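Fold and contact review
Chain by chain, the residues run as shown.
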2 protein chains.
Amino acid sequence: MWNVAEELGALLIFAEHRYYGESLPFGNKSFDDARYLNYLTSEQALADFAVLVRHLKKTVPGAQDTPAIAIGGSYGGMLAAWFRMKYPHVVVGALAASAPIWQFADLVPCSTFYNIVTQDFRKSGNCCADSIRNSWAAIDRLASTAEGTRWMSCTFRLCSPLKTAQDVANFKGWLSETWVNLAMVDYPYQANFLQPLPAWPIQVVCKFLQRPKLPDKALLKNVFQAVNVYYNYSGNTSCFSLSQTATQSLGMQGWYYQACTEMVMPMCADGVNDMFEPQQWDFQSYSDDCYKAWGVRPRPSWIPTSYGGRNISSHSNILFSNGGLDPWSGGGVTRNITNSLVAVVIPEGAHHLDLRSNSPYDPNSVLQARLLEVHFMKLWMKKDEEYRRRK
Amino acid sequence: MWNVAEELGALLIFAEHRYYGESLPFGNKSFDDARYLNYLTSEQALADFAVLVRHLKKTVPGAQDTPAIAIGGSYGGMLAAWFRMKYPHVVVGALAASAPIWQFADLVPCSTFYNIVTQDFRKSGNCCADSIRNSWAAIDRLASTAEGTRWMSCTFRLCSPLKTAQDVANFKGWLSETWVNLAMVDYPYQANFLQPLPAWPIQVVCKFLQRPKLPDKALLKNVFQAVNVYYNYSGNTSCFSLSQTATQSLGMQGWYYQACTEMVMPMCADGVNDMFEPQQWDFQSYSDDCYKAWGVRPRPSWIPTSYGGRNISSHSNILFSNGGLDPWSGGGVTRNITNSLVAVVIPEGAHHLDLRSNSPYDPNSVLQARLLEVHFMKLWMKKDEEYRRRK
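Computed from a predicted model, the values in this text were never measured in an experiment.

Residue and element names in this part refer to chain A. Splitting chain A by domain gives domain 1 (2–105 + 301–390) and domain 2 (112–281). With centres defined by C-alpha atoms, the gap from domain 1 to domain 2 works out at 30 Å. Between domain 1 and domain 2, a total of about 2700 Å² is buried, with carbon and sulfur atoms accounting for 66% of that surface. Contact with domain 2 buries area across many residues of domain 1, yet Leu325, Pro327 and Arg356 alone supply 23% of it, more than any other trio. Seen at the junction of domain 1 and domain 2, the total is 0 salt bridges. Taken together, the links from domain 1 to domain 2 amount to 9 residue pairs in polar contact (both at pLDDT 80 or more). When contributions to the side of domain 1 that touches domain 2 are tallied by element, the ones reaching two or more residues are α3 (42–59), α4 (75–86) and α13 (302–307).

So this is what it looks like as structure tokens:
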């Protein structure tokens, strides 16, 4: 974005989504209960952006008649796409990077996400995915004795030792999330998005996971080495906390609430086509957990109802970019819908690689993607200027 | 709509807007305070319609893959247009009849509305508008004495006699609203929209208003005869209430709240180019009145921010029909914006005449408008079918 902004002579505005970062509408109370959380919705965020852009156009000298473009990655990419859909008078177009706008309801199979993670691990080392698949049973066997449970807490340097069956389930959830996050950030160079990591981190992780048939403790020692790459690349981590899988700065509290209202993304695994423990998509239990946590029940059909699901062809000027390594690409738009709803696929890319600064390690596909993105941005601006001139 | 539905083999659904009619989300408490009224917004109404159409498509046999079209008049016409703008995946197009989507902020001059009313009266009889313009000073002169005030209360058969200066102001407001309403319902045949009325009611009214320079009492007796056409065409009204200018069924309470939040429509008169008492658009006093009535302050820029103001060219498949006699046409779309945002003007039409059933008294222009409307509806459905087939 910085490179492109310079090329286009553009002003870059980062709008902080309400309830994230410092934008807390009710200060410290913002997450206290549903009464305060009521204003945390994607619709409200889009309305905020519309008011903000309008305000900036009025108050920034020279901005009044200049075109604006929405850019975002991940949830921000969904917002960018939705912003162009709902407020086409405010932005001439949108770049929606790694935006899984179809990871809702039954728009894609719930297995897609974990399948892509598994493919990434399969591609990155011999038997890597098999090692991970075998680790779940190994954990269960060790968890069946007090000694085994103590050994795992110690080997994995857990800040709080495992005690209950729920702790063990959380431990497996934490490992799953680690593999997922590695797939998201499998960048071709050292980076620091969710965690500080080496280049192509899955390849580094998979060096430790080449022998799936080792005895349980030996296998899990290797799993620990792999996990250690993700959580301790800097070498400064003294113990690992199961409640943390990414940097705090993402503001997960707001996201968890949104996941319990609008942002319901069905996922499932079968342990055969993927390397995860089999788990069905169980909406009822998901809903019950939400009710326990926030006192609200999710509305799983609202996002497709509001934003159109697969039926979005009457919109225009949206670029959907997706990385082939990114599990979120499964819920993304990876084929052109119309001439102006265009899919950009970056086979060697992970989660919104295209939004990162240029790097000598960038694969060719992302360089091409960025060129295409700039081409479309210029096209949108040109058409907007022509339209203004005709008026 | 009934005629067209039969021709197209369509199902007609009338969706009741929340907070109107029987759709009261909090029952009798719905209008009690801002906490309950919070859910009365146009956005919420559109969301309701989206959920409703989705539900009907799922549950009505054979409806799943049939196209839906939004149709509405007046505020309902705005909703129809906005529904297509915000939910183009739910309806293939919209007929927005007499929808003043530009009667907001500074999108049209605030004088437009009363100017059109005045033109209607000018066209309908010699000196008719002049008589009305002169009536305001006549009222003021009579109101300066107790006898004159009593005389007016009696002559105009008011249910509650005028007492205070505020009563006199309300009386003048009631007369103004009567002239405005007559302009809205100036239909070519007997009708019963806001009130039961004869054909071309302004012509009937203006028969009493041919001599603007009569002495005050004589002039106001004529004004009473004119008003009597509007309020007492049926002959059953024993006294006139200043708080009522239209049938109760419109649900004005909800509208007054909406006018105090989103639906802020600036209007003004100068008494020179129009026949009304001069009144500036005074947002501050408007806002203060809203705060007194509901404890809320209006957001005058929100509608243009949300729905695009004049910058709506990237939408498609909306027909904006307007009657030349209708004061609301001043805030309507009366020129084509694109090939698929089409203006239909009915010079001899009042407020959404085109939505009424066919009548032998219909002017040619409304028959042509209806033909064009059906032509576009068929076009939208055909394109939708082609698109479905290609997929």
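Residue and element names in this part refer to chain B. At their nearest, the axes of helix α6 (residues 128–143) and helix α10 (residues 216–231) sit 9 Å apart, and the two run at 120° to each other. The pairing of α6 with α10 is recorded here as oblique in orientation. Relative to α10, α6 is oriented so that their crossing is left-handed. For the pair formed by α6 and α10, the contact residues are Ser131, Asn134, Ser135, Ala138, Ile139, Arg141 and Leu142 on the first element and Asp216, Lys217, Leu219, Leu220 and Val223 on the second. Here the residues of the contact of α6 with α10 are counted per class, giving 6 nonpolar, 3 polar and 3 charged.

Moving on, we get to the sheet that holds strand β1 (residues 69–73) of chain B. All names here are of chain B. Strands sit in the order β1-β2-β5-β6 across an open sheet of 4 strands; the sheet is parallel. On the outer flanks of this sheet lie β1 and β6 (341–346), each paired with one strand and no other. Looking at each pair of strands side by side, their axes are set apart by 15° on average, direction ignored. Helix α14 (residues 364–390) contacts β1, β2 (93–97), β5 (318–323) and β6 of the sheet and is inclined by roughly 160° relative to β6.

With that out of the way, let us pick up the sheet that holds strand β5 (residues 318–323) of chain A. Backbone hydrogen bonds hold the strands of a sheet together, and the pairing may be parallel or antiparallel. All names here are of chain A. Strand order in the open sheet formed by 4 strands is β1-β2-β5-β6, with parallel pairing between adjacent strands. Edge strands, defined here as strands with exactly one partner in the open sheet, are β1 (69–73) and β6 (341–346). Averaged over all pairs of adjacent strands, the angle between strand axes in this sheet comes to 15°, irrespective of strand direction. Pairing between β1 and strand β2 (residues 93–97): 5 bridges, direction parallel. Bridging from a neighbouring strand, Ile69 pairs with Gly93 of β2. Taken strand by strand, α4 contacts β1, β2 and β5, and its axis lies near 155° from that of β1. Those strands touched by helix α14 (residues 364–390) are β1, β2, β5 and β6, and its axis lies near 160° from that of β6.

The next point concerns a nonpolar patch on the surface. Nonpolar side chains collect at one region of the surface, where Trp2, Leu12 and Phe14 of chain B lie side by side and expose about 350 Å² of accessible area between them. In this structure, Leu12 of chain B sits in the loop between α1 (2–8) and α2 (34–37).

With that settled, consider the pattern of salt bridges. All names here are of chain A. Under the counting rule described, the total for this entry stands at 28 salt bridges over all chains. With a shortest N-O distance of 3.0 Å, Arg133 and Asp130 are connected by a salt bridge. With Arg133 and Asp130 both in helix α6 (residues 128–143) and 3 residues apart, this pair spans about one turn of that helix. A relative accessible area of 21% means that Arg133 is categorised as partly exposed.

Mapped onto the elements, Pro196 of chain B comes out in strand β4 (residues 196–197). Measuring from C-alpha to C-alpha, the distance between Pro196 of chain B and Gln44 of chain B comes to 33 Å, with 152 residues separating the pair along the chain.

With that settled, consider the state of the cysteines. The final tally for this structure, using the stated rule, is 8 disulfides over all chains. The disulfide partner of Cys128 of chain A is Cys206 of chain A, and the S-S distance across this bridge is 2.0 Å. Across the S-S bond linking Cys128 of chain A and Cys206 of chain A, the dihedral sits near -80°, which makes this disulfide left-handed. Here Cys128 of chain A is found in helix α6, whereas its partner Cys206 of chain A is found in helix α9 (residues 201–206), with 78 residues between them in sequence. In this pair, the class of Cys128 of chain A matches that of Cys206 of chain A, namely buried. Sequence-ordered numbering of the bonded cysteines in chain A yields a pairing of 1-7, 2-4, 3-5, 6-8. No disulfide involves Cys127 of chain A; its nearest neighbouring cysteine sulfur is the one of Cys128 of chain A, lying 9.0 Å away. On the basis of relative accessible area, Cys127 of chain A is assigned to the partly exposed category, the value being 34%. For the unlinked cysteine Cys154 of chain B, the closest cysteine sulfur is that of Cys239 of chain B, found at 12 Å.

Cut-off values and rules
- Residues numbered from 1 in each chain as written.
- Chains lettered and ligands numbered in written order.
- Predicted model: local features only at pLDDT ≥ 70, side-chain atom pairs only at ≥ 80, totals over all residues.
- Heavy atoms only, no water.
- Domains from an automatic or database assignment.
- Buried area = accessible area lost by both parts, 1.4 Å probe.
- Salt bridge = Lys/Arg side-chain N within 4 Å of Asp/Glu carboxyl O.
- Polar contact = N/O pair within 3.5 Å; in protein donor to acceptor, adjacent residues only side chain to side chain.
- Helix = DSSP H or I, 4+ residues; strand = E, 2+ residues; numbered from the N terminus.
- Axes fitted to C-alpha atoms, helices over the stretch in contact; angles between N-to-C directions.
- Parallel < 35°, antiparallel > 145°, perpendicular 65-115°, else oblique.
- Left-handed = near helix turned anticlockwise from the far one by under 90°.
- Contact = heavy atoms within 4.5 Å.
- Nonpolar A, V, L, I, M, F, W, Y, C, P; charged D, E, K, R; others polar.
- Pairing = 2+ DSSP bridges.
- Patch = residues over 30% accessible without salt bridge, like charges linked within 9 Å, V, L, I, M, F, W, Y side chains within 5 Å.
- Areas by Shrake-Rupley, 256 points an atom, 1.4 Å probe, with all protein chains shown as cover.
- Buried < 20%, exposed > 50% of the residue type's maximum accessible area, 1.4 Å probe, protein only.
- Disulfide = S-S within 2.5 Å.

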